[in-house]
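# Per-entry structural report
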Amino acid sequence: LSQFDVLALRREFPILQQHVHGKPLAFLDSAASSQKPRRVIETLEDYYRRYNANVHRGVYRLSEEATFAYERARGKLARFINAASQREIIFVRNTTEAINLVAYAWGGANIRAGDRILLTMMEHHSNIVPWQLLAQRTGAELIYLPFDGQGRLVLDDLDRLLDERVKLVAFTHQSNVLGTINPVAPIVARARAVGARVLLDAAQSVPHMPVDVQALGIDFLAFSGHKMCGPTGIGVLWGRREVLQAMPPFLGGGSMIDLVELDHSTFAAIPARFEAGTPAIGEAIALGEAADYLQEVGLATIHQHEQELTAYALERLAAVPGITIYGPPAGPDRGGAISFSLEGVHPHDVAAVLDQEGVAVRAGHHCTQPLHRVLGVPATTRASFYLYNLPEEIDRLVAGLHKARQLFA
Ligand code: PMP
């Protein structure tokens, strides 16, 4: 099926070796959080065992080593997304914090009453709620680009929605529910034409496909380490240098200052200005290792593997009686997250039956309540794929769905 040896690669992931309810674990929930290869776990452990010390402040050996490794990780992440400079990489906790940082710092300085922020109807709550809070503070207005019956953004509606009142367009690169890979170039071109900035939520794209921020022509990119074989508690905000440099701080405290007087302070240059307090040092270093790992396997190869798994899964799932699959058909704009409903069976019951078979999937609204309102269901079941998944695991998913129908429908 694929150009690389998935079985060999799976042996690098200790967690995948286990059995659940007596069955080999089939982990089909990487859209929520991915598993970690041994070398990432060992990198984290090595930091805590051998050179744990705070960064940027010490002149002693351990602190210098930690600082060097932390800054080297920043460089790895910059190369991973082809940033023009490693100063453009801000370490944050996750995608959610990255978007909140932009909403506070950039939004506070640039958004006024009457301005508009254009989102889409398929956004994760983390790309909706920070903008709602900003809109409430400033009197700005949120408007939404709809998606069609196949889960694709209705680009024709950009004519109606985009005018010079729109100061920011923020949208997801790949939907965590519909699997849609959105077309960035035409949206960026249209946003630029009215002078709007563009933020891309890359939580579901950076782990799964080559992403080049310079080629995309965007202003901000947000992603999470835990979805790309890295640890929890570490993520990245990338911003174009001149945009970040013009932004006031987000959180205040240690490390982000230049001079502190009793009544005011001046602030450090980027990236330090946006990294107040002690960062997640070991986690950032381990994320750098995860980026190296993914690059060694090859993002294009990973993407191709997932495209093949997705096409196979869509074909096999379509043959399950009573199933409704959401999102586009197999094709270049269809990524490896597949949400579905099974007639007469609650999504949580579907997931519980699958769990008994050792198949891990997610059930719920997947932090996308507005999207689910469009679908007309409160919840769905979602299977999602990553580099370590096998066609056999999709066969087991399908067999589990037949079983769920026998039990419930
Ligand atoms: N955006 C999208 C598209 C996501 O899938 C997720 C994670 N489900 C997030 C944002 C939020 O990521 P995190 O919880 O790591 O901040």
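Parameters at a glance
Residues numbered from 1 in each chain as written. Predicted model: local features only at pLDDT ≥ 70, side-chain atom pairs only at ≥ 80, totals over all residues. Heavy atoms only, no water. Helix = DSSP H or I, 4+ residues; strand = E, 2+ residues; numbered from the N terminus. Rg over C-alpha atoms; globule rule 2.2 N^0.38 Å. Buried < 20%, exposed > 50% of the residue type's maximum accessible area, 1.4 Å probe, protein only. Contact = heavy atoms within 4.5 Å. Areas by Shrake-Rupley, 256 points an atom, 1.4 Å probe, with all protein chains shown as cover. Pairing = 2+ DSSP bridges. Axes fitted to C-alpha atoms, helices over the stretch in contact; angles between N-to-C directions. Near = heavy atom within 4 Å. Polar contact = N/O pair within 3.5 Å; in protein donor to acceptor, adjacent residues only side chain to side chain. Nonpolar A, V, L, I, M, F, W, Y, C, P; charged D, E, K, R; others polar. Phe/Tyr/Trp six-rings, centres within 6.5 Å; stacked < 30°, edge-to-face > 60°. Expected span 1.5 Å × (residues − 1).

### Notes on the overall build of the protein
The secondary structure content of the protein amounts to 14 helices and 17 strands. The globule rule puts the C-alpha radius of gyration for 409 residues at 22 Å, and the 22 Å found for the protein is close to it. Each principal axis of the C-alpha distribution contributes one length, and for the protein these read about 70 × 55 × 35 Å. In the protein, which comprises 409 residues, the proportion classed as buried is 56%. For the protein, restricting intrachain contacts to residue pairs at least 6 apart in sequence, the fraction spanning at least 24 positions comes to 71%. Total accessible area computed for the protein in this model is approximately 16,400 Å², and 53% of it derives from carbon and sulfur atoms.

### Considerations on the sheet that holds strand S14 (residues 337–342)
The strand order across the open sheet formed by four strands is S13-S14-S17-S16, and the pairing between neighbours is antiparallel. Unpaired on one side and paired on the other, strand S13 (323–325) and strand S16 (362–364) mark the two borders of the sheet. Each adjacent strand pair in this sheet contributes to an overall mean axis angle of 30°, direction not counted. Together, S13 and S14 form the strand contacts of helix H11 (residues 299–318), whose direction differs from that of S13 by roughly 150°. On the sheet, helix H12 (residues 347–356) packs against S14, S16 and strand S17 (380–384) and is oriented at approximately 165° with respect to S16.

### Concerning the sheet that holds strand S9 (residues 220–224)
Judged by pairing direction, the sheet is mixed, and its seven strands sit side by side in the order S4-S10-S9-S8-S7-S5-S6 without closing on themselves. In this open sheet, the two strands that pair with only one neighbour each are strand S4 (89–92) and strand S6 (141–145). Across the sheet, the mean angle from the axis of one strand to that of its neighbour is 20°, orientation sign disregarded. In the packing of helix H3 (residues 61–80) onto the sheet, the strands contacted are S4, S9 and strand S10 (235–239), and the crossing angle to S4 comes to about 115°.

### Some words on the site of the ligand
The local shell around the ligand holds 13 residues, among which Thr96, Asp201, Gln204, Ser224 and Lys227 are the closest. In the environment of the ligand, an oxygen atom lies 2.7 Å from a nitrogen or oxygen atom belonging to the side chain of His226. Across the complex, the protein chains shield 88% of the 400 Å² of accessible surface that the ligand would expose by itself. Here the residues of the shell around the ligand are counted per class, giving one nonpolar, 10 polar and two charged.

### Focus: the side chain of Asp163
Note that Asp163 resides in the loop between helix H6 (158–161) and strand S7 (166–172). Looking at Asp163, its side chain comes within polar contact range of the side chain of Arg165, at 2.8 Å. Ignoring sequence-local partners within four residues, the contact set of Asp163 consists of Arg116 and Val194.

### Regarding the packing of aromatic side chains
Inspection of every chain in the model, using the stated rule, returns eight aromatic pairs. Seen in terms of ring centroids, Tyr104 and Phe250 are 5.4 Å apart; in terms of plane orientation they differ by 45°. Their pairing is tilted. You can see Tyr104 sitting in helix H4 (residues 95–110) and its partner Phe250 sitting in the loop between helix H9 (241–245) and strand S11 (257–260), a full 146 residues away along the chain. For Tyr104, a relative accessible area of 42% gives the class partly exposed. Seen in terms of ring centroids, Tyr386 and Tyr388 are 5.6 Å apart; in terms of plane orientation they differ by 70°. Their pairing is edge-to-face. Assigned by exposure class, Tyr386 and Tyr388 land together as buried. One aromatic cluster in this structure is built from Phe13, Tyr293, Tyr386 and Tyr388.

### Quick notes on the pairing of S4
Burial along S4 is two-sided: Ile89 and Phe91 facing one way and Ile90 and Val92 facing the other are all buried. Note that S4 and S10 share four bridges and pair antiparallel. Residue Val92 lies in a different strand from S10, and its bridge partner there is Gly235.

### Let's talk about H4
Compared with the 22 Å implied by 1.5 Å per residue over 16 residues, the 21 Å span of H4 between its first and last C-alpha is a close match. Listed in full, the buried residues belonging to H4 are Thr95, Glu97, Ala98, Ile99, Asn100, Leu101, Val102, Ala103, Ala105, Trp106 and Gly107.

### Observations concerning the environment of Pro37
Among the secondary structure elements, Pro37 is positioned in the loop between strand S3 (26–27) and helix H2 (38–51). Considering only alpha carbons, one finds Pro37 and Pro14, 23 residues apart in sequence, at a separation of 7.0 Å. Here Pro37 is in contact with Glu12, Phe13, Pro14, Cys229 and Tyr293, once residues within four sequence places are set aside.

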